[in-house]
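Residue strings, one per chain:
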Amino acid sequence: PNITEFGAAIGLREGEERLTYRSPAATAHAYHGLSDNLTLGANGQATNLGLQMGGAVLWGAPFGFVQMELSGSRSFKGGGSGMAASVDYRGEFSILSPRDMRLSVTSLYRSRNFKDAFSFDIRNLQALQSAALVQWRAPYGISMGLGYSYTKMRENRRDIHRIDAN
């Protein structure tokens, strides 16, 4: 509790061609622990393309780690204003040995006009992105994982499904 982390950076944003730097960019964040298992945060980014600001709640729950974020944005290049919201979960469980199973689940929604301050895109073609990953540290140093992700597209584009195994 009562620990605060913060940071800020100012520099030049890379242009459309690699290693060409043109416009100024700034980013900042601050997080403050309210208790041993609850932290609040804020962040913001700005470039000549747009402004994005958001907040986060991080909770160290008895069943795992939960993070919720909400962001708003404004495009300076005609894209309007937008919002994004995300929820992330990470938990560790014991199957054969302590904490040998890990589960990660994430989901992110972006409105059509949400603007990442560093992106050249004016509109978001991806409405919703969700993914889940299970990892197991098996005996004899073997590690296995299985994941699934789904992306809901806009403008009559085909949704994306992906399965990963390792």
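Note that the coordinates shown come from a computational prediction; the quantities given were computed from them, not determined experimentally. (Residues numbered from 1 in each chain as written. Predicted model: local features only at pLDDT ≥ 70, side-chain atom pairs only at ≥ 80, totals over all residues. Heavy atoms only, no water.)

Before we move on, could you go through the pairing of strand 2 (residues 21-35) and cite the residues and values that matter?
Of the strand pairs in this sheet, strand 1 (residues 4-14) and strand 2 are connected by eleven bridges, and their pairing is antiparallel. Bridged to Thr4 within strand 2 is His32. Taking the residues between adjacent antiparallel strands as the criterion, strand 1 and strand 2 are bridged by six residues, where Leu19 takes a positive phi near 60°. The pairing of strand 2 with strand 3 (residues 38-47) spans ten bridges and is classified as antiparallel. Looking across to strand 3, one finds that Thr27 is bridged to Gln45. Between the end of strand 2 and the start of strand 3, which pair antiparallel, lie two residues. (Pairing = 2+ DSSP bridges. Helix = DSSP H or I, 4+ residues; strand = E, 2+ residues; numbered from the N terminus.)

Mind laying out the sheet that holds strand 2, listing which residues take part and the relevant values?
Read from one edge of the open sheet, ten strands run 1-2-3-4-5-6-7-8-9-10, paired in antiparallel fashion. Of all the strands in the sheet, just strand 1 and strand 10 (160-165) have a single pairing partner and so form its edges. Within this sheet the neighbouring strands show an average axis-to-axis angle of 10°, counted without direction. (Axes fitted to C-alpha atoms, helices over the stretch in contact; angles between N-to-C directions.)

Before we move on, can you summarise the pattern of salt bridges with the specific residues and values?
Across all of its chains, the model carries five salt bridges by this definition. For Asp159, the salt bridge goes to Lys152, with nearest N and O atoms at 3.6 Å. Its relative accessible area of 23% is what places Asp159 among the partly exposed residues. (Salt bridge = Lys/Arg side-chain N within 4 Å of Asp/Glu carboxyl O. Buried < 20%, exposed > 50% of the residue type's maximum accessible area, 1.4 Å probe, protein only.)

Give a description of the packing of aromatic side chains that names residues and reports values.
Given two aromatic rings, their pairing is described by the distance between the two centres and the angle made by the two planes. Applying the stated criterion across every chain yields a total of two aromatic pairs. Ring centres 5.6 Å apart and planes at 90° place the aromatic pair Trp59 and Phe63 in the edge-to-face group. Ring-pair connections join several aromatic residues into one group, and the members of that group are Trp59, Phe63 and Tyr89. (Phe/Tyr/Trp six-rings, centres within 6.5 Å; stacked < 30°, edge-to-face > 60°.)

Residues and numbers for the confidence of the model for the protein, please.
When the pLDDT values of the protein are averaged, the result is 93; 100% of them are 70 or greater. For the protein, the element scoring lowest by mean pLDDT is strand 1, at 92; strand 10 scores highest, at 98. (pLDDT = per-residue confidence, 0-100.)

Give me the environment of Phe93: which residues, what numbers.
Within the element layout of this structure, Phe93 appears in strand 6 (residues 81-93). The spacing of Phe93 and Trp136 is 43 residues in sequence and 9.5 Å in space, taken between C-alpha atoms.

Describe in detail a nonpolar patch on the surface, supporting the description with residues and values.
On the surface, a cluster of nonpolar side chains totalling about 360 Å² of accessible area is made up of Leu12, Leu19 and Tyr21. Using a relative accessible area of 48% as the deciding quantity, one classes Tyr21 as partly exposed. (Patch = residues over 30% accessible without salt bridge, like charges linked within 9 Å, V, L, I, M, F, W, Y side chains within 5 Å. Areas by Shrake-Rupley, 256 points an atom, 1.4 Å probe, with all protein chains shown as cover.)

Now, about the environment of Gly82: what can you tell me, with residues and values included?
As for its position among the elements, Gly82 is in strand 6. When sequence neighbours within four positions are dropped, the list of residues in contact with Gly82 reads Ser71, Gly72, Ser73, Ser111, Asn113 and Phe114. (Contact = heavy atoms within 4.5 Å.)

Would you mind going over the pairing of strand 4 (residues 50-61) in detail, with residue names and values included?
As paired elements, strand 3 and strand 4 share nine bridges and run antiparallel to each other. Across the sheet, the residue bridging to Gln45 is Gln52, located in strand 4. Hairpin geometry of strand 3 and strand 4 is characterised by an intervening segment of two residues between the two adjacent antiparallel strands. The sheet contact formed by strand 4 and strand 5 (residues 64-75) spans twelve bridges and is antiparallel. Residue pairing across strands places Leu58 opposite Gln67, the latter belonging to strand 5. Where strand 4 hands over to strand 5, the hairpin turn is made up of two residues, counted between the paired strands.

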